[in-house]
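Residue strings, one per chain:
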Amino acid sequence: MQATPDRVINLSTLVSDLHRDGLLTEDDHQLALTIRRGTDEAALHPLTLIARQRYKDARADGKVLTEHALIEWLGERESMDVINIDPLEINVSAVTEVMSYAFSERHKILAVKVSTDEVVVACTDPDSSSWVGDLEHVTRRNVKRVLASPSDISRYRVEFYQLANSVSKARKDHSGISSVQNLESMLELGKAKAPDANDEHIVNIVDWLLQYAFDQRASDIHLEPRRETTHVRFRIDGVLHNVYELPAAVGMAVIARVKSLGRMNIAEKRKPQDSRLKTKTPEGDEVELRLSTLPTAFGEKMVMRVFDPQVLMRSFSEMGFSREDRRRWSEMTDNNHGIIFVTGPTGSGKTTTLYSTLRQLATSEVNVSTIEDPIEMVEPAFNQMQVNPTIDLTFASGVRALLRQDPDIIMVGEVRDLETAEIAVQAALTGHLVLSTLHTNDAPSAFTRLQELGLPAYLIRSSVIGVMAQRLVRTLCPHCKEKQPVDEKVWKQLTAPWLMKTPEHIYTAKGCLECRGTGYLGRMGIYEVMPLSESLEPHINESTDYQKLRQAAMKEGMHSLRLSGAHKVAAGMTTIAEVMRVAPASRALSQ
């Protein structure tokens, strides 16, 4: 008995079905009947061809028939599951092993999930299934067909198989290398060959890694060695995602390649190293990477922090400043002398705030100088100097040198010790505006932290203009956020009822294609701005009471981080859960 031949979607049949099901208007239906494929469109799937016409979706005002909308319709029509291929959720090495690239391309399919007894395969033609029997025979697993966008299948087929091919060849080239390093030494005779960082396959893997990170909006790339593998993880909107697991030897070669590009000492693996690397995104935009290595039990760990120079051009409203926060911050930075601190943990956006502020202050009439560890982003408008402990160039000695350079505005990367605090205060008292950072939980804590370092209260009162604490919260995806009523009990956990009226409704994260199912897209800041006014100065004495200082600042109009976040929740920008995740609960009774 002969197998039923595959039936692929035909353009004219597709157009008729779309019109019959009410997706195409009469006018668009007539236009669609006249479509003729150009030379560059000969190989396009009919769904892709229709999507490129940008016809209006007759079922919904303001929407167009995208490829994903067409696939959703086809899934409903054929009673098949539909997926959006998210590369971060796919085990590339597993899905590329179940079928060859040629088999995948011939049948226009792509494996997207592999378990012990099932292979989930994305396809575009519901009536094309002759390949299922062959695949089940070879893999000894059941095959489940799901529908996916033809463009996604085509794109990720190339990406996945190119990466798997490079990793496989690199693994063979470096198969003799011992993956056990540092804490666990193992002698393997005759296997002393070192990985070649310039090997073509390693170059391909690094190029893919960087382009993939830019495409996924990653802020950090982590390469973490383990006993047999090297884990690759991306931080996206503040959350880490597993991306890939490289064989340990290949991971070593990838790290060596990045170290080479960043002009680091490849032979030195016992000590931490820092460097920087400038590259371009696929769209041609310049991006800076800050490289950092750390010796661990199984070899060198590397973190690449991605800095987009465009971040310097962001306005304060784009960064999440409310009108009142912006006014208070401007009043503080408009001073021509004194010291201002920005506080918060690592990754809370302090650098972005300082650079954006300095960028606006750095006019042709003033000299802006910075001392950083390391220089985060190179900016032509500043004179930037980097800390170098090997030659005794510390923050303190750097500021002393800068004071002889006729500066107007000085940015000190971080106040870590008494010596740096004293020299920064001295600079502030001698007619310079100084901006710096501290690691504290909130704004009032900065004053007690300075006293813990050993700075006398009278010096703090006479030099500090104010402090701003900040955090970054993920913003709701505008394409899929959903309105919901407010739970009074949960709202009270966020902010005291007498500080802010409970809104009628708020929004919650749902998840869609645009935000990769997370419900969030991008981040913005929440701020706690505390100018040191005359009425607050008496609270800073030899025995500063944190609670009283905070309550006095709140009475003067300072918004806590959680209250700032509550305003963003009420405005539909983020969620209660997100604000409570990043903002510390206040220790003061008045929030």
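What you see is a predicted model; the values in this text were computed from it and never measured. The numbering scheme is per chain: residues are counted from 1 as the chain's sequence reads. This being a predicted model, a pLDDT of at least 70 is required before a residue's local features are given, and a value of 80 or more before pairs of side-chain atoms are given or counted; all residues contribute to the totals for chains, interfaces and linings. Only heavy atoms go into the side-chain values, all of them from the structure, while hydrogens and water stay out.

1. Description of the overall build of the protein
Consideration 1: When helices and strands are tallied, the protein shows 20 helices and 18 strands.
Consideration 2: The principal-axis extent of the C-alpha atoms belonging to the protein is close to 95 × 70 × 45 Å.
Consideration 3: Relative to all contacts within the protein whose residues are 6 or more apart in sequence, the contacts with residues 24 or more apart total 64%.
Consideration 4: Shrake-Rupley sampling with a 1.4 Å probe provides the accessible areas, and residues are treated as covered by the protein chains on show and by no other component. Split by element, the accessible area of the protein, about 28,600 Å² in all, is 48% carbon and sulfur.
Consideration 5: Between the centroid of the 70 positive side chains of the protein and the centroid of its 79 negative side chains there is a distance of 2 Å. Secondary structure counts use DSSP, requiring at least four H or I residues in a row for a helix and at least two E residues in a row for a strand, with both numbered from the N terminus. Contacts were defined at the residue level, with two residues in contact if any of their heavy atoms lie within 4.5 Å. Charged residues are defined narrowly, with Lys and Arg counted positive, Asp and Glu counted negative, and His plus the chain ends left uncounted. Charged side chains are reduced to one point each, which is NZ for Lys, CZ for Arg, CG for Asp and CD for Glu.

2. A few points about helix H7 (residues 131-139)
Consideration 1: Partly exposed describes any residue whose relative accessible area lies between the buried limit of under 20% and the exposed limit of over 50%, with all areas from a 1.4 Å probe on protein chains only and scaled to the type maximum. The complete set of buried residues in H7 reads Trp 131, Val 132, Leu 135 and Thr 139. Within H7, the buried residues cover an arc of 100° as seen down the axis, which keeps them to one side.
Consideration 2: For H7, the secondary structure elements touched by its buried residues are helix H6 (101-106), strand E2 (118-123) and strand E3 (142-147).
Consideration 3: In the segment just after H7, Arg 140 is the residue with positive phi, at about 55°. Starting at the helix axis, one direction is taken to each C-beta atom, and the arc is that of these directions.

3. Notes on the pattern of salt bridges
Consideration 1: Salt bridges, as used here, are contacts in which a Lys or Arg side-chain nitrogen is within 4 Å of a carboxyl oxygen on Asp or Glu. Tallied over the full model, the rule gives 30 salt bridges.
Consideration 2: The partner of Arg 20 in a salt bridge is Asp 17, with the nearest N and O atoms 2.6 Å apart. Highlighted residues: Arg 20 and Asp 17, both in helix H1 (residues 11-20), separated by three residues, approximately one helical turn.
Consideration 3: Among the ionic pairs, Arg 550 bridges to Glu 528, the shortest N-O distance being 3.0 Å. Of the two residues, Arg 550 sits in helix H18 (residues 546-555) while Glu 528 sits in strand E18 (residues 520-531), which places them 22 residues apart along the sequence.
Consideration 4: Looking at Glu 528, the relative accessible area reads 1%, which means it is buried.

4. What about the environment of Met 500?
Consideration 1: The topology assignment puts Met 500 in the loop between helix H17 (488-494) and strand E17 (505-508).
Consideration 2: Residue Met 500 is classed as buried on the basis of its relative accessible area of 11%.
Consideration 3: Taking the C-alpha atoms as reference points, Met 500 and His 567, 67 residues apart in sequence, are found 8.4 Å from one another.
Consideration 4: Residues in contact with Met 500, not counting those within four places in the same chain, are Trp 491, Thr 495, Leu 563, Ala 566, His 567 and Ala 570.

5. Regarding the domain arrangement of the protein
Consideration 1: Domain boundaries in the protein define domain 1 (11-78), domain 2 (83-174), domain 3 (197-307) and domain 4 (312-472 + 524-558).
Consideration 2: Here the C-alpha centroids of domain 2 and domain 4 sit 53 Å apart. Throughout, the edges of the domains are those of an automatic or database domain assignment.

6. Quick word on unusual backbone geometry
Consideration 1: The backbone of Lys 108 shows a phi angle near 55°, a positive value even though the residue is not glycine.
Consideration 2: Here Lys 108 lies in the loop between H6 and strand E1 (110-114).
Consideration 3: In the Ramachandran plot, Arg 140 falls in the positive-phi region, its phi being about 55° despite a non-glycine side chain.
Consideration 4: By secondary structure assignment, the location of Arg 140 is in the loop between H7 and E3.

7. As for the packing of helix H9 (residues 200-215) against helix H10 (residues 248-261)
Consideration 1: Comment: axis = line fitted to C-alpha atoms, over the contacting stretch for helices; angle = value between 0 and 180 degrees taken between N-to-C directions. The interhelical angle for the contact between H9 and H10, taken along N-to-C directions, is 75°, at an axis separation of 9 Å. When the interaxial angle is binned, H9 and H10 end up roughly perpendicular. Contact residues: Ile 202, Val 203, Ile 205, Val 206 and Leu 209 in H9; Val 250, Ala 253, Val 254, Arg 257, Val 258 and Leu 261 in H10. Each angle gets one of four labels, with under 35 degrees taken as roughly parallel, over 145 as roughly antiparallel, 65 to 115 as roughly perpendicular, and the rest as oblique.

8. Some details on the confidence of the model for the protein
Consideration 1: pLDDT measures how confident the predictor is about each residue, on a scale from 0 to 100. Averaged over all residues, the pLDDT of the protein is 87; the fraction at 70 or higher stands at 92%.
Consideration 2: By mean pLDDT, H17 is the weakest element of the protein at 83, and strand E10 (residues 338-343) is the strongest at 97.
Consideration 3: Considering only residues more than four positions removed or in separate chains, one finds that residues 178-195, a stretch of pLDDT under 50, has 29 contacts.

9. Details of the environment of Gly 466
Consideration 1: In this structure, Gly 466 sits in strand E15 (residues 464-476).
Consideration 2: In this structure, the C-alpha to C-alpha distance between Gly 466 and Phe 395, residues 71 residues apart in sequence, is 21 Å.
Consideration 3: Apart from the residues within four sequence positions on either side, Gly 466 is in contact with Met 332, Ile 339, Ile 340, Phe 341, Met 530, Pro 531 and Leu 532.

10. A word on the side chain of Glu 372
Consideration 1: If you trace the backbone, Glu 372 turns up in strand E11 (residues 368-372).
Consideration 2: The buried charged residue Glu 372 lacks any salt bridge, with Arg 276 as its nearest oppositely charged partner at 7.2 Å.
Consideration 3: Residues in contact with Glu 372, not counting those within four places in the same chain, are Tyr 355, Gln 384, Met 385, Gln 386, Val 387, Phe 395 and Met 411.

11. Some points on the pairing of E10
Consideration 1: The buried fraction of E10 amounts to six of the six residues, a majority that puts the element mostly inside the structure.
Consideration 2: Both faces of E10 are covered, namely the face carrying Gly 338, Ile 340 and Val 342 and the face carrying Ile 339, Phe 341 and Thr 343.
Consideration 3: Across six bridges, E10 lies against strand E14 (residues 433-438) in parallel orientation. When the bridges of E14 are listed, Ile 339 appears paired with Val 434.
Consideration 4: Sheet topology places E10 next to E15; five bridges connect them, and they run parallel. In the strand pairing of E15, Phe 341 is matched with Val 467. What makes two strands pair is DSSP finding at least two bridges between them.

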